[in-house]
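A look at the structure
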Amino acid sequence: MERVLEGRTALVTGSTSGIGLGIAMFYAQAGAKVMLNGFGKPEEIARARAEVGAAMGGGEAPYSAADLSKPEQVRQMVQQAEAELGKVDILVNNAGIQFVAPIDEFPEDRFDAIIAINFTSNYHAIKAALPGMKARGWGRIINIASAHGLIASPYKSAYVAAKHAVVGLSKTVALEIAQTNITCNAICPGFVRTPLAEAQIPPLAAKFGVSEEVALKDHLLEHQPSKKWVEVADVAQMALWLCGPNSGAMNGSAFSVDGGWTAA
Ligand code: NAD
């Protein structure tokens, strides 16, 4: 991979698995120093740190165990990244959770947790990282929203509300920093192939009495016109592009990576 991020540093939240880990790997392979964050079994976290560390040229990638539902821990994570990486040039707000239920049955604690982790943590992290970016005169803020940041689906009230809020926050921050060399954008993936998402196929196949191929195309990817997964690398490529050469004019946009979902 071309080392377009040589000399840059990045903090990627929720990067112990899935999309966040994919973005961290792309950034490391492109020459950036990357700090990881997220939960997981100790061996999974160690593997992620070793993989990203190897892509950075050896050793373990720095890591923060911050729980992003806690504002104080979000602030501490940014401080730790500034201390261990020397600076935070690129902030990727990626950590997220999901819960599905009708609004009148939606548990309050799940609703509050989704808003806190998927949305409010973005505000706290941006607020903490932006002064350093302004002082150095360069920065990239990338918020991983979702197709559900642009359109809704039933039973996902908290997630859809949080992801719409992420898109709105991204636009507002973009306007506030429009005359600096800092940009703020959202990425809106459709259904991405991750272990958690793939695990939904066998139960769906059993529920509808169909093959796993039919369960994927007709049920899980019902709204994704491509009828194919978005790959983690597709999202990571977009996240890299937003930090690379000639990316300074892309500001305040919500970039769909969704196999055509939101075009329909
Ligand atoms: P994932 O479950 O594989 O990864 C989520 C990451 O967030 C993990 O590292 C997890 O440990 C971390 N996390 C969860 N709660 C946390 C907390 N309180 N504090 C710190 N870290 C926490 O999921 P993913 O599919 O890779 O999703 C990543 C992002 O992409 C999420 O914001 C998700 O909403 C979004 N997204 C995913 C898809 C998809 O199809 N997979 C589609 C659109 C958007």
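Note on numbering: residues in each chain are counted from 1, in written sequence order. Local features in a predicted model are, by the rule used here, given only for residues with pLDDT of at least 70; side-chain atom pairs are given and counted only at 80 or more, and totals for whole chains, interfaces and linings are based on all residues. Just so you know, side-chain values use all the structure's heavy atoms and leave hydrogens and water out.

1. Comments concerning the overall build of the protein chain
Put simply, DSSP marks the helices as runs of H or I at least four residues long and the strands as runs of E at least two long, and each gets a number from the N terminus on. Broken down by element type, the protein chain carries nine helices and seven strands. Radius of gyration (C-alpha) of the protein chain: 18 Å, near the 18 Å computed for a compact globule of 264 residues. With the C-alpha coordinates aligned to their principal axes, the bounding extent of the protein chain is approximately 55 × 35 × 35 Å. A burial count over the protein chain gives 50% of its 264 residues as buried. Should any heavy atoms of two residues lie within 4.5 Å, those residues are counted as being in contact. Sequence-distant contacts in the protein chain: of pairs separated by 6 or more residues, those separated by 24 or more amount to 70%. Roughly 12000 Å² of accessible area belongs to the protein chain as shown, and the carbon and sulfur atoms make up 55% of that amount. Looking at charge distribution, the protein chain has the averaged site of its 22 positive side-chain charges lying 6 Å from that of its 25 negative ones. It is over C-alpha atoms that the radius of gyration is taken, and the globule rule equals 2.2 Å times the number of residues to the power 0.38. For every residue, the accessible area obtained with a 1.4 Å probe (protein chains only) is divided by the maximum for its type, and the residue is called buried under 20%, exposed over 50%, and partly exposed between those limits. Values of accessible area rely on a 1.4 Å probe in the Shrake-Rupley scheme; residue burial ignores everything except the protein chains shown. In this charge count, Lys and Arg are treated as positive and Asp and Glu as negative; neither His nor the chain ends contribute. Lysine's charge is taken at NZ, arginine's at CZ, aspartate's at CG and glutamate's at CD.

2. Considerations on the domain arrangement of the protein chain
Marked domain ranges trace back to an automatic or database domain assignment. Parsing the protein chain into structural domains produces domain 1 (9-192 + 230-258) and domain 2 (194-228). Taken together, the contact between domain 1 and domain 2 spans seven residues of the former and six residues of the latter. When two parts are put together, the accessible area they lose, computed with a 1.4 Å probe and summed over both, is reported as buried area. Interface of domain 1 and domain 2: buried area, both sides summed, is about 540 Å²; carbon and sulfur atoms make up 58% of it. A pair is scored as a salt bridge if a Lys or Arg side-chain nitrogen falls within 4 Å of a carboxyl oxygen belonging to Asp or Glu. Between the two partners, domain 1 and domain 2, sit zero salt bridges. N or O atoms closer than or at 3.5 Å make up a polar contact, with two conditions inside protein: a donor-capable atom paired with an acceptor-capable one, and, for residues adjacent in sequence, both atoms drawn from side chains. For the pair domain 1 and domain 2, the number of links is two residue pairs in polar contact (both at pLDDT 80 or more). Note on residue classes: Ala, Val, Leu, Ile, Met, Phe, Trp, Tyr, Cys and Pro are nonpolar, Asp, Glu, Lys and Arg are charged, and everything else, Gly too, is polar. Here the side of domain 1 that touches domain 2 is composed, by residue class, of four nonpolar, two polar and one charged.

3. Considering the pattern of salt bridges
Evaluated as defined, the whole model comprises nine salt bridges. Salt-bridge contacts for Lys 87 lead to Asp 89; the nearest nitrogen and oxygen are separated by 3.0 Å. Residue Glu 198 pairs with Arg 193 through a salt bridge whose shortest N-O separation is 3.3 Å. Residue class for Glu 198 comes out partly exposed when judged on its relative accessible area of 33%. Each of Lys 87, Asp 89 and Arg 136 takes part in one network of salt bridges that share partners.

4. Digging into the site of the ligand
Being near a molecule or strand, for a residue, means having at least one of its heavy atoms within 4 Å of it. Around the ligand, the surrounding shell holds 28 residues, and the nearest of these are Thr 16, Phe 39, Asn 94, Tyr 159 and Val 192. Residue Lys 163 places a side-chain N or O atom 2.9 Å away from an oxygen atom belonging to the ligand. Protein coverage of the free-state accessible area of the ligand, which is 830 Å², stands at 88%. Contributions of two or more residues to the shell around the ligand are made by helix H1 (18-29) and helix H5 (157-176). Considering only residue class, the shell around the ligand consists of 14 nonpolar, twelve polar and two charged.

5. Re the pairing of strand S4 (residues 90-93)
Because side chains alternate across S4, one face comprises the buried residues Ile 90 and Val 92, and the other comprises Leu 91 and Asn 93, equally buried. For two strands to be treated as a pair, DSSP must find at least two bridges joining them. Here three bridges tie strand S1 (residues 9-12) to S4, and the two strands are oriented parallel to one another. Counted as the bridge partner of Leu 11 is Leu 91 from S4. Sheet topology note: the S4/strand S5 (residues 139-144) ladder contains four bridges and is parallel. Looking across to S5, one finds that Asn 93 is bridged to Asn 143. Once the chain exits S4 it traverses helix H4 (residues 108-136) before rejoining the sheet at S5, and the crossover so formed is right-handed. Handedness of a crossover is defined as follows: with both strands directed away from the viewer, a clockwise route from the first strand across the helix to the second makes it right-handed.

6. Quick word on helix H7 (residues 201-208)
When H7 is considered as a whole, its buried residues turn out to be Ile 201, Leu 204 and Ala 205. Buried residues in H7, looked at end-on, bunch into an arc of 100°, giving them a common side. For H7, exposure combined with an orientation more than 90 degrees from the buried face picks out Ala 206 and Lys 207. On its buried side, H7 packs onto helix H6 (195-198) and helix H8 (212-220). Downstream of H7 by one or two residues, Gly 209 has phi in the positive range, about 65°. Throughout, the arc means that of the directions going from the helix axis to the C-beta atoms.

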